[in-house]
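# Reading the structure
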Amino acid sequence: MNTPLTLVIDDEPDIRELLEITLNRMDIKTLCAEDIISAKKLLAEHDFDLCLTDMKLPDGNGLDLVDFIQSSANPIPVAVITAHGSMDIAIKAMKKGAFDFLSKPVDLTVLRQLVNNALKLSTPTQTTKERRTRHILLGDSQLMREIRSKIEKVARSQAPVYISGESGSGKELIAKLIHQQSPRHESPFIAINCGAIPHELMESEFFGHKKGSFTGATTDKQGLFQAADGGTLFLDEVADLPLALQVKLLRAIQEKKIRPVGGHQEIAINVRLLSATHKDLGVMVDKGEFRQDLYYRINVIDLVSPPLRKRSQDIPELTEHLLIKLAAENNQQQPVLSKAAMDGLKHYHFPGNVRELENILERALALYDGQTIELEDLNLPCSTELPKAEKFNPSELSLEDYLEEIEKEALSKALEENRWNKTETAKHLGLTFRSLRYRLKKLGLD
């Protein structure tokens with residue numbers, strides 16, 4: 001294996017020397033430049049595996065160098081070195097395609113971790129090259145082709161990724177695929193639902209704690225950041241984080257360090273952060289419910305997980321895949337769907353997305369009689385397109401049926417917004433829990 005070669009660009013001789021000594025001890029060769037002109041000359045003469053560049057250079061900006069390298073025929077990972085507190089510049093660099101960032105004064109532990117991650121990208125194994133998302137993230141719609149392409153691109157970066165989308169649309173699957181395609185794929189992928197952790201335990205869950213730091217802390221405990229060391233930490237429903245923890249998460253992202261509860265020393269962390277929510281974080285920022293600075297930190301790269309109703313052409317393939325899986329799990333022969341059943345699925349609006357499709361098929365498998373699943377076996381709650389007020393025609397639909405359809409739509413939407421929590425849905429609609437249950441049963445939504 002060839003010895004890796006790194007280009008170091010900084011106008012401060014002391015910084016260049018520090019980086020050069022550290023990299024040489026890692027058995028990495030280095031060539032140094034003090035400005036952009038000399039850096040470009042070296043890039044033309046040598047095949048580098050990595051570039052470390054300061055942001056402020058005598059003849060220009062490190063961002064220009066990021067653009068130059070990313071537009072070349074063979075782009076290499078670029079990590080930018082920023083002044084302490086210049087996080088906005090680091091975010092700009094990562095949006096332009098920089099692999100990662102380092103803050104001055106340079107922490108050598110963080111530097112070594114960054115370099116190791118970057119070199120895994122520069123020398124991918126055949127297994128890495130052959131990993132693809134097509135057989136996991138199913139669908140040939142334009143939306144799915146675009147998202148698979150974007151996953152492959154963002155996997156090569158260390159930038160935080162924010163995945164938005166409705167409940168059940170596959171946000172965690174997208175996060176797993178980013179991890180699996182990244183240089184961190186051999187390290188842990190840790191997923192946590194932020195809405196499922198009691199607020200009083202969150203800091204300890206995230207950062208760990210020391211023995212005796214609070215009542216019940218009988219031993220030292222490792223937090224999620226340490227459990228994900230070297231790998232990826234996925235924060236699902238990040239919108240549910242309390243404001244107090246948002247401040248500490250922001251610091252962890254910026255400093256790449258954490259402090260356990262009751263601890264006196266900070267610990268360097270080597271984690272790629274991915275986050276997701278079905279809520280609109282932009283609206284929450286405007287309302288003061290989510291910190292704007294944290295929103296910008298976690299939303300360096302954004303991905304949208306499309307709802308199933310916007311890619312209905314993918315439903316046949318998804319249905320076949322899910323039926324094969326469900327039949328195998330239940331030791332059943334794989335059934336087929338009648339044309340009417342498939343048409344029903346294609347025209348259903350799926351407020352619960354792929355997760356709801358799986359639930360519908362699982363229920364149908366348990367109830368159908370024979371080899372073919374018919375439309376009535378699916379027990380679809382309501383149609384895709386509900387009649388609009390201006391389309392009401394008494395000769396085609398009775399007023400009672402029309403009003404039932406409107407009520408179904410309102411209840412389905414409320415259930416979706418409250419993540420299918422019936423207690424919260426009842427509060428949201430101003431109903432008693434018993435009244436909600438009665439309406440859901442009456443309308444076939446239970």
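Position numbers for residues count from 1 along each chain, tracking the sequence in the order it is written. Local features in this predicted model are restricted to residues of pLDDT 70 or higher, and side-chain atom pairs are both shown and tallied only at a pLDDT of 80 or more, whereas totals for entire chains, interfaces and linings draw on every residue. Only hydrogens and water are set aside; all other atoms, that is, all heavy atoms of the structure, feed into the side-chain values.

## A closer look at helix H14 (residues 315-329)
Only runs of H or I of at least four residues qualify as helices and only runs of E of at least two qualify as strands under DSSP, and these elements are numbered from the N terminus. By this rule, a helix spans an expected 1.5 Å times one less than how many residues it contains. With 15 residues, H14 ought to run about 21 Å at 1.5 Å a step, and its terminal C-alpha atoms sit 21 Å apart, in line with that. Accessible area is worked out with a 1.4 Å probe on protein chains only. A residue is then buried under 20% of its type maximum, exposed over 50%, and partly exposed in between. Within H14, burial applies to Ile315, Leu318, Thr319, Leu322, Leu323, Leu326 and Ala327. Seen end-on, H14 carries its buried residues on one side only, within an arc spanning 150°. Phi turns positive, to about 55°, at Asn331, one or two residues after H14. The directions from the helix axis to the C-beta atoms form the arc being described.

## Things to note about the pairing of strand E8 (residues 161-165)
Of all five residues making up E8, five are buried, and the element is well covered by its neighbours. Going residue by residue along E8, you find Val161, Ile163 and Gly165 tucked away on one face and Tyr162 and Ser164 tucked away on the opposite face as well. Strands qualify as paired when DSSP identifies two bridges or more between them. Pairing of E8 with strand E14 (residues 301-305), which is carried by five bridges, proceeds in the parallel orientation. Each residue of the ladder has a partner; that of Ser164, found in E14, is Val304.

## As for the confidence of the model for the protein chain
Looking at the protein chain as a whole, its pLDDT mean stands at 85, while 91% of the residues score no less than 70. Along the chain, pLDDT gives the predictor's confidence residue by residue, from 0 to 100. Per-element mean pLDDT across the protein chain ranges from 37 in helix H6 (residues 126-130) up to 95 in strand E10 (residues 232-236). Counted against residues more than four places away or in other chains, residues 123-131, with its pLDDT under 50, gives seven contacts. Counted against residues more than four places away or in other chains, residues 383-392, with its pLDDT under 50, gives 18 contacts. Here, two residues are considered to be in contact whenever any of their heavy atoms come within 4.5 Å of each other.

## Comments concerning the packing of helix H2 (residues 36-45) against helix H3 (residues 62-70)
The angle between the axes and the distance between the axes are what describe a pair of packed helices. The convention used is that axes are lines fitted to C-alpha atoms, helices contributing only their stretch in contact, and that angles between N-to-C directions extend from 0 to 180 degrees. Following both chains from N to C, one finds H2 and H3 inclined at 20°, their axes separated by 11 Å at the closest point. Between H2 and H3, the crossing angle belongs to the class labelled roughly parallel. With respect to the hand of their crossing, H2 and H3 are arranged in right-handed fashion. Counted together, Ile36, Ala39, Lys40 and Leu43 of H2 and Leu65, Phe68 and Ile69 of H3 form the full contact between these two elements. Note on residue classes: Ala, Val, Leu, Ile, Met, Phe, Trp, Tyr, Cys and Pro are nonpolar, Asp, Glu, Lys and Arg are charged, and everything else, Gly too, is polar. Residues that form the contact of H2 with H3 fall into these classes: six nonpolar, no polar and one charged. Reported orientations rely on four angle classes, namely roughly parallel under 35 degrees, roughly antiparallel over 145, roughly perpendicular from 65 to 115, and oblique for the rest. Throughout, a crossing is termed right-handed when the near helix is turned clockwise from the far one, and left-handed when it is turned anticlockwise from it by less than a right angle.

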